[in-house]
Amino acid sequence: MKNPRPATATSDKEVLHRFGYAQQLLRDMGGFSNFAISFSIISILTGAVTLYGVGLNAGGPVVMGIGWPLVTLFVLFVAAALAELASAIPTSGALYHWASFLGGPTLGWMTAWLNLIGLIGAIAGIDYGCAQFMVPLLGLPETSANFMLLFGILLLSHAILNHVGIRTVARLNDFSAFYHVAGVAIVVLALAFFARKQPVTWLFTKTFTTVADKPYWFAFLGGLLQAQWTYTGYDASAHTIEETRNARVSAPWGIYLSVAISGLFGYVMLALVTLAIKDLDATAAATTPFIYIFKRALGDTFAEIVLWIVTLAMWFCGLSCVTSTSRMVFAFARDQGMPLSRLWSGVSRRFRTPAAAVWLATVLSFLLVCLIFGTVQASREQTWIKPFEFSTVYQAVTGISTIGLYLSYGIPLLLKLWAIRRGIWTERANGPWNLGNWTVPVNVIALVWIAFITVLFVLPPNELTGFIFAGTLAAMIAFYLARVRGKFLGPVPQARSQEELLTLEAELER
């Protein structure tokens with residue numbers, strides 16, 4: 001990979017102007033803050049914890065010992081390929097801009113909606129998971145009403161902070177990065193020094209599954225959802241690229257390093273947690289296996305401390321995800337890709353944030369969880385279908401989020417390979433952060449992995465994920481054919497000249 005020279009703040013604006021966009025958002029985010037937002041969304045204290053039971057029940061300790069590094073390796077290929085595109089096309093539209101420039105408006109529109117579906121599902125999964133952890137910590141009855149109330153309050157807190165400004169959110173994300181490292185360190189050190197442990201070979205040899213009527217290898221592959229959902233949302237560094245200084249270098253490193261560092265710290269944490277298991281059957285049957293391990297290994301008091309650490313990490317994760325999603329909505333609406341685009345592309349004059357997009361992202365996430373509750377209730381009232389439990393649908397939401405996001409990652413990568421093959425994309429199109437001669441093999445491996453997990457996570461016992469995602473995809477395509485085809489033109493420059501762009505920027509600053 002070529003190591004570029006730092007760019008100046010002026011060149012950031014000039015590059016944005018080349019794509020026809022004014023500097024509307026406040027460019028006040030440094031390289032560490034850009035990394036921190038993706039690192040916080042990955043949040044090993046969120047995905048790895050909430051879906052720990054999924055991995056453990058599917059394949060046992062081997063999912064942690066072998067499955068986590070396996071997924072990490074392939075996701076690093078995806079992250080490197082995305083980082084290269086972010087350096088070449090540094091706009092907040094990110095994935096859908098890349099797809100539009102390389103494959104036309106139809107594929108750009110599809111990419112945008114797949115990304116939006118994945119991000120809305122991620123916010124819903126993160127904040128509802130946080131509410132499930134927080135309700136018992138606050139001593140409240142564990143009822144659906146309390147879960148939904150707290151879920152709404154969490155979303156409200158994220159919306160207000162994102163509305164107020166990128167400076168506040170950036171500082172919180174900076175703190176979040178250190179907090180996640182410190183939280184993992186507390187967990188690791190406590191288990192390393194005070195818990196009895198299984199032999200290290202247990203991580204690589206102990207096979208276990210509660211999945212009936214399936215061979216172990218198939219159940220093990222299903223358990224990879226734990227790691228794969230954790231590694232979502234790191235495209236946030238690209239979505240906030242118009243607010244980042246030295247953007248064409250800082251944002252690509254933010255994408256790549258957020259995955260690499262999460263992979264390392266996550267593996268150490270999961271290894272020590274899994275080695276602390278005393279009774280595998282009882283742990284797998286527990287409501288929250290991750291916390292159950294701490295209760296058995298270190299007592300109820302420390303388990304509650306860990307629960308608070310994890311819950312606060314989820315709050316930070318949700319905050320970052322709302323930031324990323326709102327920027328994606330803003331960019332898409334700026335190009336007239338959504339109903340009521342003029343509203344959602346609005347920028348607060350006071351805070352220089354896409355305020356309407358922030359509130360839309362949070363409201364849609366709340367409505368998604370309401371829809372899930374409605375699905376659960378309807379299934380219980382009908383005798384001709386199998387009743388769903390919320391835990392099953394929650395797993396389906398994480399699967400949908402993963403598939404939606406990774407398909408949106410895969411489309412521009414495939415289009416780039418096609419452009420290289422046709423001679424349209426040459427070395428001159430690369431940004432300062434690029435893979436050189438490794439571009440093609442890295443992109444090919446990334447696409448093979450995306451295709452593999454897309455098929456894997458809709459196969460039984462995850463068929464509910466497949467049904468919901470297929471229905472969503474069919475509705476999206478029908479809407480495009482009926483209302484969008486021929487009208488959406490892809491990324492639309494805001495002005496035809498440098499002078500017009502400067503005028504737009506001056507008007508916003510007044």
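> So what's going on with the overall build of the protein? Residues and values would help.
A tally of helices and strands in the protein yields 23 helices and zero strands. Taking 24 Å as the expected radius of gyration for a compact globule of 510 residues, we find that the protein reaches 22 Å, a close match to that expectation. In terms of its C-alpha atoms, the protein occupies a principal-axis envelope of roughly 70 × 50 × 40 Å. For the protein, buried positions account for 59% of its 510 residues. Expressed as a percentage of contacts within the protein between residues at least 6 apart in sequence, the contacts between residues at least 24 apart total 83%. Total accessible area computed for the protein in this model is approximately 20,400 Å², and 65% of it derives from carbon and sulfur atoms. With 33 positive and 25 negative side-chain charges, the protein shows a spacing of 4 Å between the two charge centroids.

> Could you give an account of the packing of aromatic side chains, naming the residues involved and the relevant values?
Throughout the structure, instances matching the rule amount to 30 aromatic pairs. Here the aromatic rings of phenylalanine 32 and phenylalanine 35 are separated by 5.8 Å at their centres, their planes lie at 50 degrees, and the arrangement is tilted. With a gap of three residues between them, phenylalanine 32 and phenylalanine 35 both fall in helix α2 (residues 31–42), about one helical turn apart. Among the residues examined, phenylalanine 35 registers a relative accessible area of 11% and is labelled buried. Considering the side-chain rings of tyrosine 216 and phenylalanine 220, the 6.4 Å spacing of their centres and the 35 degrees angle between planes classify their relative orientation as tilted. Taken together, the residues span about one helical turn, with tyrosine 216 and phenylalanine 220 both in helix α11 (residues 216–222) at a distance of four residues. Linked through ring pairs, Tyr96, Trp109, Trp113, Phe332, Phe479, Tyr480 and Phe488 together constitute an aromatic cluster.

> Explain the pattern of salt bridges residue by residue, including any values.
Applying the stated criterion across every chain, the model contains three salt bridges. In this structure, lysine 416 and glutamate 84 form a salt bridge, with 2.7 Å as the shortest nitrogen-oxygen distance. Placement of the pair is lysine 416 in helix α20 (residues 390–421) and glutamate 84 in helix α5 (residues 61–88), with a sequence separation of 332 residues. A residue is classified by how much of its surface remains accessible, and lysine 416, at 0% relative accessible area, is buried. A residue is classified by how much of its surface remains accessible, and glutamate 84, at 0% relative accessible area, is buried. Across the pair glutamate 243 and arginine 327 runs a salt bridge whose closest N-O atoms are separated by 2.9 Å. On the criterion of sequence distance, the pair formed by glutamate 243 in the loop between α13 (236–239) and α14 (247–275) and arginine 327 in helix α17 (residues 300–334) is long-range, its members being 84 residues apart.

> Requested: an account of helix α21 (residues 439–456), with residues and values cited.
With 18 residues, α21 ought to run about 26 Å at 1.5 Å a step, and its terminal C-alpha atoms sit 26 Å apart, in line with that. Of the positions making up α21, those classed as buried are Thr439, Val442, Asn443, Ala446, Leu447, Trp449, Ile450, Ile453, Thr454 and Leu456.

> A description of the confidence of the model for the protein should follow, citing residues and the corresponding values.
A low pLDDT means the predicted coordinates there should not be read in detail. Scored by pLDDT, the protein comes out at a mean of 87, with 91% of its residues at no less than 70. Looking at the elements of the protein, mean pLDDT is at its lowest for helix α23 (residues 498–509), recorded as 64, and at its highest for α5, recorded as 97. The low-confidence segment residues 1–10, where pLDDT is below 50, has 12 contacts with residues more than four positions distant or belonging to other chains.

> Describe in detail the packing of α2 against helix α9 (residues 166–194), supporting the description with residues and values.
Two numbers describe how α2 lies on α9: the axes approach to 8 Å, and their chain directions differ by 60 degrees. The pairing of α2 with α9 is recorded here as oblique in orientation. At the point where α2 passes α9, the crossing takes the left-handed sense. Listed contacts from α9 to Phe32, Ser33, Ala36, Ile37, Phe39 and Ser40 of α2 are Ala170, Asn173, Asp174, Ser176, Ala177, Phe178, His180 and Val181. Considered class by class, the residues forming the contact of α2 with α9 number eight nonpolar, five polar and one charged.

> Account for the nonpolar core, naming residues and giving values.
With 157 residues, the main nonpolar core has Tyr234, Met269 and Phe290 as its most contacted residues. With 20 residues, α17 is the single largest residue contributor to this core. With sequence-adjacent residues up to four places away left out, tyrosine 234 is seen in contact with Ser38, Ile42, Val75, Val78, Ala79, Leu82, Ile255, Ser258, Val259, Tyr406 and Tyr409.

> Talk me through the side chain of histidine 239; I want residue IDs and the actual numbers.
Here histidine 239 lies in helix α13. Classification of histidine 239 as buried rests on a relative accessible area of 0%. Here aspartate 235 takes part through its side chain, which lies 2.9 Å from a polar atom of the side chain of histidine 239. Excluding its chain neighbours within four sequence positions, the residues that come into contact with histidine 239 are Ser92, Gly93, Ala94, Leu95, Asn115, Leu119, Ser324, Arg327 and Met328.

> For the environment of serine 40, give the residues involved together with the corresponding values.
Among the structural elements, serine 40 can be located in helix α2. Classification of serine 40 as buried rests on a relative accessible area of 0%. Spatially, the C-alpha atom of serine 40 lies 6.2 Å from that of alanine 177, the residues being 137 residues apart in sequence. In this view, serine 40 contacts Asn173, Ser176, Ala177, His180, Phe316, Cys317 and Ser320; residues no more than four positions away in its chain are not counted.

Cut-off values and rules
- Residues numbered from 1 in each chain as written.
- Predicted model: local features only at pLDDT ≥ 70, side-chain atom pairs only at ≥ 80, totals over all residues.
- Heavy atoms only, no water.
- Helix = DSSP H or I, 4+ residues; strand = E, 2+ residues; numbered from the N terminus.
- Rg over C-alpha atoms; globule rule 2.2 N^0.38 Å.
- Buried < 20%, exposed > 50% of the residue type's maximum accessible area, 1.4 Å probe, protein only.
- Contact = heavy atoms within 4.5 Å.
- Areas by Shrake-Rupley, 256 points an atom, 1.4 Å probe, with all protein chains shown as cover.
- Lys, Arg positive; Asp, Glu negative; His and termini not counted.
- Charge placed at Lys NZ, Arg CZ, Asp CG, Glu CD.
- Phe/Tyr/Trp six-rings, centres within 6.5 Å; stacked < 30°, edge-to-face > 60°.
- Salt bridge = Lys/Arg side-chain N within 4 Å of Asp/Glu carboxyl O.
- Expected span 1.5 Å × (residues − 1).
- pLDDT = per-residue confidence, 0-100.
- Axes fitted to C-alpha atoms, helices over the stretch in contact; angles between N-to-C directions.
- Parallel < 35°, antiparallel > 145°, perpendicular 65-115°, else oblique.
- Left-handed = near helix turned anticlockwise from the far one by under 90°.
- Nonpolar A, V, L, I, M, F, W, Y, C, P; charged D, E, K, R; others polar.
- Core = buried A, V, L, I, M, F, W, Y, C linked by side-chain atoms within 4.5 Å.
- Polar contact = N/O pair within 3.5 Å; in protein donor to acceptor, adjacent residues only side chain to side chain.

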